[in-house]
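What the coordinates show
Letter by letter, the chains look like this.
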Amino acid sequence: MDKLIHDDKGNATISNDGATIMKLLDVVHPAAKILVDIAKSQESEVGDGTTRVVLFAEEFLKEAKLFIEDGVHSKSYT
């Protein structure tokens, strides 16, 4: 599915490529920056599968959040 991305300079980009979309995002949140870095690494190493690795990493972060909320120290499950 194509996505329309509009930036603050008035430029519009239409793409269905996960790597392109991730490059265009202006990300501030640290966890989101990790996902962007994962997408960039996947694109540079393999050239495909960026959306898949971002979704996979997002699921890991979602599960890790539950442990953190329960008070489990990060060293306990790494």
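What comes next concerns the included structure. None of the values given here were measured: they were computed from a predicted structure.

Thoughts on the environment of lysine 23
Residue position: lysine 23 is located in helix α1 (residues 18-24). As for lysine 23 and alanine 64, which are separated by 41 residues in sequence, their C-alpha atoms are 25 Å apart.

Remarks on the nonpolar core
As a rule of thumb, soluble globular proteins bury nonpolar side chains together. In terms of nonpolar packing, the biggest core is built from 6 residues, these being Met22, Leu35, Val36, Ala39, Val54 and Ala57. For this core, the elements supplying multiple residues, two or more each, are α2 (30-45) and α3 (50-69). The contacts of leucine 35, once residues within four sequence positions are left out, are Met22, Val54, Ala57, Glu58 and Leu61.

Thoughts on the packing of aromatic side chains
Throughout the structure, instances matching the rule amount to 1 aromatic pair. Ring centres of phenylalanine 56 and phenylalanine 60 lie 4.8 Å apart, and the angle between their planes is 75°; on these two criteria the pair is classed as edge-to-face. Here phenylalanine 56 and its partner phenylalanine 60 are both found in helix α3, 4 residues apart, which amounts to about one turn of the helix. Considered together, phenylalanine 56 and phenylalanine 60 belong to a single accessibility category, that of exposed residues.

Concerning the pairing of strand β2 (residues 12-15)
Pairing between strand β1 (residues 3-6) and β2: 4 bridges, direction antiparallel. Each residue of the ladder has a partner; that of histidine 6, found in β2, is alanine 12. Linkage of β1 to β2, two consecutive antiparallel strands, is achieved through a turn of 5 residues, within which glycine 10 is found at a positive phi near 95°.

Here we look at α2
In a regular helix each residue adds 1.5 Å, so 16 residues correspond to 22 Å; α2 covers 22 Å between its end C-alpha atoms and thus fits that length. Within α2 the residues assigned to the buried category are Leu35, Val36, Ala39 and Gln42. Down the axis of α2, the smallest arc covering the buried residues is 125°, so these residues share one side. Facing away from the buried side of α2, by more than 90 degrees, are the exposed residues Pro30, Ser44 and Glu45.

Re the pattern of salt bridges
Tallying each qualifying case throughout the model produces 3 salt bridges. Notably, a salt bridge pairs lysine 62 with glutamate 59, separated by 3.2 Å at the nearest N-O pair. Residue lysine 62 and its partner glutamate 59 are both found in helix α3; the two are separated by 3 residues, about one turn of the helix. Residue lysine 65 is joined to glutamate 69 by a salt bridge in which the shortest nitrogen-to-oxygen separation is 3.6 Å. Here lysine 65 and its partner glutamate 69 are both found in helix α3, 4 residues apart, which amounts to about one turn of the helix.

What counts and what doesn't
- Residues numbered from 1 in each chain as written.
- Predicted model: local features only at pLDDT ≥ 70, side-chain atom pairs only at ≥ 80, totals over all residues.
- Heavy atoms only, no water.
- Helix = DSSP H or I, 4+ residues; strand = E, 2+ residues; numbered from the N terminus.
- Core = buried A, V, L, I, M, F, W, Y, C linked by side-chain atoms within 4.5 Å.
- Buried < 20%, exposed > 50% of the residue type's maximum accessible area, 1.4 Å probe, protein only.
- Contact = heavy atoms within 4.5 Å.
- Phe/Tyr/Trp six-rings, centres within 6.5 Å; stacked < 30°, edge-to-face > 60°.
- Pairing = 2+ DSSP bridges.
- Expected span 1.5 Å × (residues − 1).
- Arc of directions from axis to C-beta.
- Salt bridge = Lys/Arg side-chain N within 4 Å of Asp/Glu carboxyl O.

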